[in-house]
2 protein chains.
Amino acid sequence: MAESMKGLKRTHRCTEVSKANIGETVTLMGWVQKNRNKGGIIFLDLRDRSGIVQVIFEEGSIDAAGFEKAGRLRSEFVVAVVGKVEARSGAVNEKMATGEIEIRAKQLRVLSEAETPPFPVEEESKTKEELRLKYRYLDLRRPDLQRNLMMRSRVAMLTRRFLEEEGFLEIETPVLGKSTPEGARDYLVPSRVHPGNFYGLPQSPQLYKQLLMCSGYDRYFQIAKCFRDEDLRADRQPEFTQIDMELSFVDVDDVIDVNERMLAYLFREVLGVEVPLPIQRMTWQEAMDRFGSDKPDLRFGMELTDVSEAVKGCEFAVFKNALEAGGSVRGINAKGQGGMPRKKIDKLVDYAKDYGAKGLAYIALQEDGSVKSSFAKFMKEEEMAGLIAALEGKPGDLLLFAADKNKVVWDVLGALRLELARQMELLDKEEYRFVWITEFPLLEWSEEQNRFTAMHHPFTMPMEEDLPMIKTNPGAVRAKAYDIVLNGTELGGGSVRIFQNDVQEMMFEALGFTKEEAYERFGFLLDAFKYGVPPHAGLAYGLDRMVMLMAKEDSIRDVIAFPKVKDASCLMTQAPGEVDEVQLRELGLKIDRAEGQTEQ
Amino acid sequence: MAESMKGLKRTHRCTEVSKANIGETVTLMGWVQKNRNKGGIIFLDLRDRSGIVQVIFEEGSIDAAGFEKAGRLRSEFVVAVVGKVEARSGAVNEKMATGEIEIRAKQLRVLSEAETPPFPVEEESKTKEELRLKYRYLDLRRPDLQRNLMMRSRVAMLTRRFLEEEGFLEIETPVLGKSTPEGARDYLVPSRVHPGNFYGLPQSPQLYKQLLMCSGYDRYFQIAKCFRDEDLRADRQPEFTQIDMELSFVDVDDVIDVNERMLAYLFREVLGVEVPLPIQRMTWQEAMDRFGSDKPDLRFGMELTDVSEAVKGCEFAVFKNALEAGGSVRGINAKGQGGMPRKKIDKLVDYAKDYGAKGLAYIALQEDGSVKSSFAKFMKEEEMAGLIAALEGKPGDLLLFAADKNKVVWDVLGALRLELARQMELLDKEEYRFVWITEFPLLEWSEEQNRFTAMHHPFTMPMEEDLPMIKTNPGAVRAKAYDIVLNGTELGGGSVRIFQNDVQEMMFEALGFTKEEAYERFGFLLDAFKYGVPPHAGLAYGLDRMVMLMAKEDSIRDVIAFPKVKDASCLMTQAPGEVDEVQLRELGLKIDRAEGQTEQ
């Protein structure tokens, strides 16, 4: 039976009691972590979000009924304890914040009893995630998850504090918006008042924030929920949170300046980590050439080397064909991996194939000076020597080569580089290496649509010096776009926006849109731009991912209170679920299961 | 043609330039409010979100091309001006923050031209709202709307700052949740992965925040978007924003304490208004008896008087029948309104009928001592005198009476009291009168459902002393619920929650739910409550309404950046709209117009 807390008032959270309180009577409330009777004394670990404190029950200090009640306590009971703070009688526990004291209970109330939970509430749970998510309310009691959510709250708070001081206004934009055919799939919300019509949940507040710049709000931000109805991967959720911002009367440097100061502030305040400013910048071209990725992990080297020149004229068909088709041959040197067993190398080849490689050529330099290679037989000796020299291969090194179109070569070697770093344990979670990637291509060719598409979005500003090429060589035009990358993860990205009608028209032309098509898609923004629009630029961060990295977690589900699983369902609430026929009728909808996908 | 801002960097916002900057060269950017050529000098009012500054162009200070360009500027052009700050040559304009200075332009760039806007950008626009909402991006340039959104940003920021200092964590809860059959109509989101299933958008994070208390987060808050698919009234939007909070190990007084300190902090920081603490408390019963409303406006008196005793035994059928049916007769005294023309009184009668009255009885006390009354003929003289005495009627007063069931009498007189206060101009927008309403009834009888329903929600804690009545006289049980009311508007409300299984079972019984029904609706919360739940309580504010009152606006649309209109559509984006057949097929849905409502 639950007792009332009437007449009691909590005085401290568990770990707010310290040596300074010795002699005081305190009232604590929390959950029973564990209790044990040792030689007639009951030792109770009392837990709340601040941590754990030890409470002792001893006859004489508490009446017999209280002592007896204490003996019946079980894990996860909620109790209130009134007691006196004393120096710990036993050994001081240095691992506990409250390790020097204990509470000698004078009074105990059981506020709520608990059944035995389906898994223990403890750090680094080994319970499988599915069960933990079903009982998320218990999982969320675990101190590691509590620390993560407290960190998330703090990151959001500090972000707001920083941006407010920089003159940003937080302005809420609609969740019930217009569905647009561009980009990823929208979540739709049927309208009851207008049957057959739908709202779209926003994939980002992009158009609204540009409108707010047109309206003169100068500096906008929002920590906004965004939605994408895409098939989920490990680091994706149907709904996710963006730190979204937009600034007027600025260029690239202004956006980078305020953002790197913000990042430095967050990492200093939350983690005590100093981010040296300015953060390194790298063009997209350099990032691809050196790391095979537009989100390079700079915590280790193993850079790509273009060996096209060294193998020019060789007889190895794979290399030859790649070069003749306008591609390249590039390699990486996995230092000290020359002795890797053949089976493991084969796994790397399979891995490379997952990223689009037709194969992977390797040279394993043995410590004894001998060489194992998948393609030596097709190469002249001096060509092999040239390759090894180009990659600065030493005995004991493993050299890996990909040959294909540039894009494939980058993807493959970029991915391999990371996989090898994981195997070689080169990734230090305590190290934070930031880099700005700049000068992205404005457009990329879509084989599927047989036209250029916008790499960021159709409102991204081309670099002035490249503008003349937009008609002659659109693929070569660089954009005023920038991504901020941390340890190989894209934290955020943005761009300077087009604000001139003539540039916008050129952009639409390059994308193959007629004026009518452009209007159909972005009409109200184009209309707004007729009435005086300031130069503006912006950036958006994935908050979930940022906190995940700060908390050194591997999944964003560990920094979200109530996440969904791969099929976009919630294991705790069983959402999504069925609804009444009446509700559907009001919306003018019928379920047509035959038409629906059945994939799970 | 737009010029680039290349090489220029804004040094100040318009009104950040003051006498202290005289002699300095500044670079300003903004919108042309107006410009006029007066005796060969061009006077330009330059506007940004901070306000307006005057720029002058004079040949000699700027080259001929620049001067000529300045002459061609029109309203809403976006320009950059480099110029020298000077003491104002003409009369000092005391109404302007920058009234003592002007900028003598040396350089001018036109960053963006503007077509003539469909309505002028000016304070207190007389343009009808429909047109303003269509061009919301222009409407949002108006200084009054900009002040409102800046205030809203500040209120949210200060709320977070206060709550963080009080130990609250901001935790995000899902937007894609489970649809529940209770309460208002949910917006639904069809699932693509599970065709025929739907998410529900949250009407509030109620269940999640209670789960977070179960999980030990102790103090939670969120500034959360909530959704209700209801027919819109003036102060409703399909999506609205709540300041939502929940606290563990607390009772009513603790919640009230932290919240009234928060309100005092917000009103002091934002408006410079001191809210005297503690805020007055009034039971629901007292509020109904004295003001006929559970959200009484205390800026004026005109309280209700129960005259049932005075008219007991009278022959006037309306009074008699009401009393015999267990109702009451009550009146208000509109001081000094005794001379109100008959036509205006008739309008009051109609108004009363809108609130459910069958009629309205009045006594108009003339200045000359005579009496006009709708029902005097049915009354004895001493009965009339008794009525007048009960309401302290003086010559010149208008006494209005309603007779019916208590609920109708309260509704009618509560509404009349407000209508008369508006007519008599008793409502001072500069005055802020707060009151806590407490001890609400736990249950109210629903004629429609022929059962008791929860007045707040089924997890609201009954008052301990009333608990024994829950089986014998459920309607008389009071709840540990509280609303905070400002000037007759409910700003927020909440309650202490049930955390004991046995009390929860009694509550469900009182609501007529079987255990199975209760589980079907609230299963995961009831499950969570098995594993140790702390006493907890919470409160939620309507942020839109709070900012509306602080900004002295009459509509929440004036404190929302992109509001929807009465049919839940957005006039700017035309949302909701039609979507591709493909999208519907993926969701397993068919539109069935015949079934849909067609109301607009």
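Counting starts from 1 at the beginning of each chain's written sequence and moves along it residue by residue. The order in which chains are written sets their letters, starting at A; the order in which ligands are written sets their numbers, starting at 1. The predicted nature of this model means local features are confined to residues of pLDDT at least 70 and side-chain atom pairs, given and counted, to a pLDDT of 80 or more, with totals for whole chains, interfaces and linings taken over all residues. Note that water and hydrogens are dropped before the side-chain values are worked out from all heavy atoms of the structure.

Undergrad: Help me understand the overall build of chain A, please; the structure alone is not making it clear to me.
TA: Secondary structure elements are taken from DSSP: a helix is a run of H or I of four residues or more, a strand is a run of E of two residues or more, and numbering for both begins at the N terminus. Helices and strands together make up the secondary structure of chain A, namely 17 helices and 23 strands. Principal-axis analysis of the C-alpha atoms gives chain A an extent of 95 × 75 × 55 Å. Looking at chain A as a whole, 60% of its 600 residues qualify as buried. Note on definitions: a residue-residue contact is assigned when non-hydrogen atoms from the two residues lie within 4.5 Å. By sequence separation, contacts in chain A at least 24 residues apart represent 68% of the contacts at least 6 residues apart. The cut-offs for exposure are 20% and 50% of the maximum accessible area for each residue type, with area from a 1.4 Å probe on protein chains only; residues under the lower value are buried, those over the upper are exposed, and the others partly exposed.

Undergrad: In this structure, what is going on with the state of the cysteines? I would like to understand it.
TA: To count as a disulfide, a pair of cysteine sulfur atoms needs to be within 2.5 Å. Per the counting criterion, the structure on display carries zero disulfides over all chains. The thiol of B:C214 is unpaired, and the distance to the nearest cysteine sulfur, on A:C570, comes to 15 Å. The exposure class assigned to B:C214 is buried, which follows from its relative accessible area of 0%. For B:C226, which is in no disulfide, the shortest distance to another cysteine sulfur is to A:C226 and amounts to 17 Å.

Undergrad: How should I be thinking about the domain arrangement of chain A in this particular structure?
TA: By a widely used convention, the size of an interface equals the accessible area lost when the partners come together. Note that the domain bounds reflect an automated or database-derived domain assignment. Here chain A is described as being made up of domain 1 (14-112) and domain 2 (300-423). Taken over C-alpha atoms, the centre of domain 1 of chain A sits 63 Å from the centre of domain 2 of chain A.

Undergrad: For this particular structure, what's the right way to read the UniProt feature "binding site: L-aspartate" (unreviewed entry) in chain A?
TA: Residues and elements named next belong to chain A. UniProt positions are given in the numbering used here, feature names are shortened, and annotations may be inferred rather than shown by experiment. Mapped onto the present numbering, the UniProt feature "binding site: L-aspartate" (unreviewed entry) falls on E182, R228, H456 and R497. Here R228 is to be found in the loop between β9 (219-227) and β10 (239-248). Every residue in contact with R228, bar those within four places of it in the chain, is listed here: A184, R185, Y187, Q203, P238 and F240. The residue H456 is located in the loop between β19 (451-454) and α13 (469-472) in this model. Excluding residues that lie within four positions of it along the chain, H456 makes contacts with F440, A481, D483 and G494.

Undergrad: Please clarify how the sheet that holds strand β3 (residues 51-57) of chain A should be interpreted in this entry.
TA: For sheets, the rule is that strands pair by backbone hydrogen bonds, running either parallel or antiparallel. Residue and element names in this part refer to chain A. The strand order around the closed barrel built from five strands is β1-β2-β3-β5-β4, with neighbouring strands paired in mixed fashion. Neighbour to neighbour, the strand axes of the sheet diverge by 55° on average, direction disregarded. Two strands qualify as a pair provided that DSSP identifies no fewer than 2 bridges between them. Bridge count for strand β1 (residues 25-38) against strand β2 (residues 41-48) is seven bridges, and the pairing is antiparallel. Bridged to N35 within β2 is L44. What counts as an axis is a line fitted to C-alpha atoms, over the stretch in contact for a helix, and the angles between N-to-C directions run from 0 to 180 degrees.

Undergrad: What exactly am I supposed to notice about the pairing of strand β13 (residues 328-334) of chain B here?
TA: Consecutive side chains of a regular strand alternate in pointing toward one face of the sheet and then the other. All names here are of chain B. Within β13, seven of the seven residues are buried, which leaves it mostly tucked inside the rest of the structure. Burial of the side chains of β13 extends over both faces: S328, R330, I332 and A334 are buried on one face and V329, G331 and N333 on the other. Where strand β12 (residues 305-306) lies against β13, two bridges are found, and the strand directions are antiparallel. Bridge pairing links D306 to R330 in β13. Two elements, β13 and strand β16 (residues 398-404), share seven bridges in a ladder whose sense is antiparallel. In the sheet register, N333 faces β16, and the bridge partner there is L399.

Undergrad: What am I meant to see in the environment of A:A310 here?
TA: Along the chain, A:A310 falls in helix α8 (residues 308-311). Separated by 198 residues in sequence, A:A310 and A:S112 place their C-alpha atoms 75 Å apart.

Undergrad: Explain the pairing of strand β5 (residues 101-112) of chain B to me, please; I cannot follow it from the model alone.
TA: All names here are of chain B. With nine of its 12 residues buried, β5 lies for the most part within the structure. Summarising the sheet, strand β3 (residues 51-57) and β5 pair through two bridges and their orientation is parallel. Pairing of I56 across the sheet is with R104, part of β5. With 10 bridges joining them, strand β4 (residues 78-87) and β5 adopt antiparallel strand pairing. Bridge pairing in β5 places G83 opposite A105.

Undergrad: Mind showing me how you'd approach the interface of chain B and chain A here?
TA: Counting residues at the interface gives 132 residues for chain B and 133 residues for chain A. Each partner contributes to the roughly 12,100 Å² buried at the junction of chain B and chain A, and carbon and sulfur atoms together form 57% of this total. A 1.4 Å probe defines the accessible area here, and the buried area is the portion of it lost by two parts on being joined, summed over both. The largest contributions to the chain B side of the interface with chain A come from B:R192, B:F249 and B:Y531, which together make up 7% of the buried area. Between A:E464 and B:K6 there is a salt bridge, with its nearest N and O atoms 3.5 Å apart. Per-element accounting of the side of chain B that touches chain A gives the leading share, 11 residues, to helix α4 (residues 143-165) of chain B. Note on residue classes: Ala, Val, Leu, Ile, Met, Phe, Trp, Tyr, Cys and Pro are nonpolar, Asp, Glu, Lys and Arg are charged, and everything else, Gly too, is polar. When grouped by side-chain class, the residues that make up the side of chain B that touches chain A number 62 nonpolar, 28 polar and 42 charged. By the bridge criterion, three bridges tie strand β23 (residues 589-591) of chain A to strand β23 (residues 589-591) of chain B in an arrangement that is antiparallel. Bridging from a neighbouring strand, A:K590 pairs with B:K590 of β23(B). Salt bridges, as used here, are contacts in which a Lys or Arg side-chain nitrogen is within 4 Å of a carboxyl oxygen on Asp or Glu.

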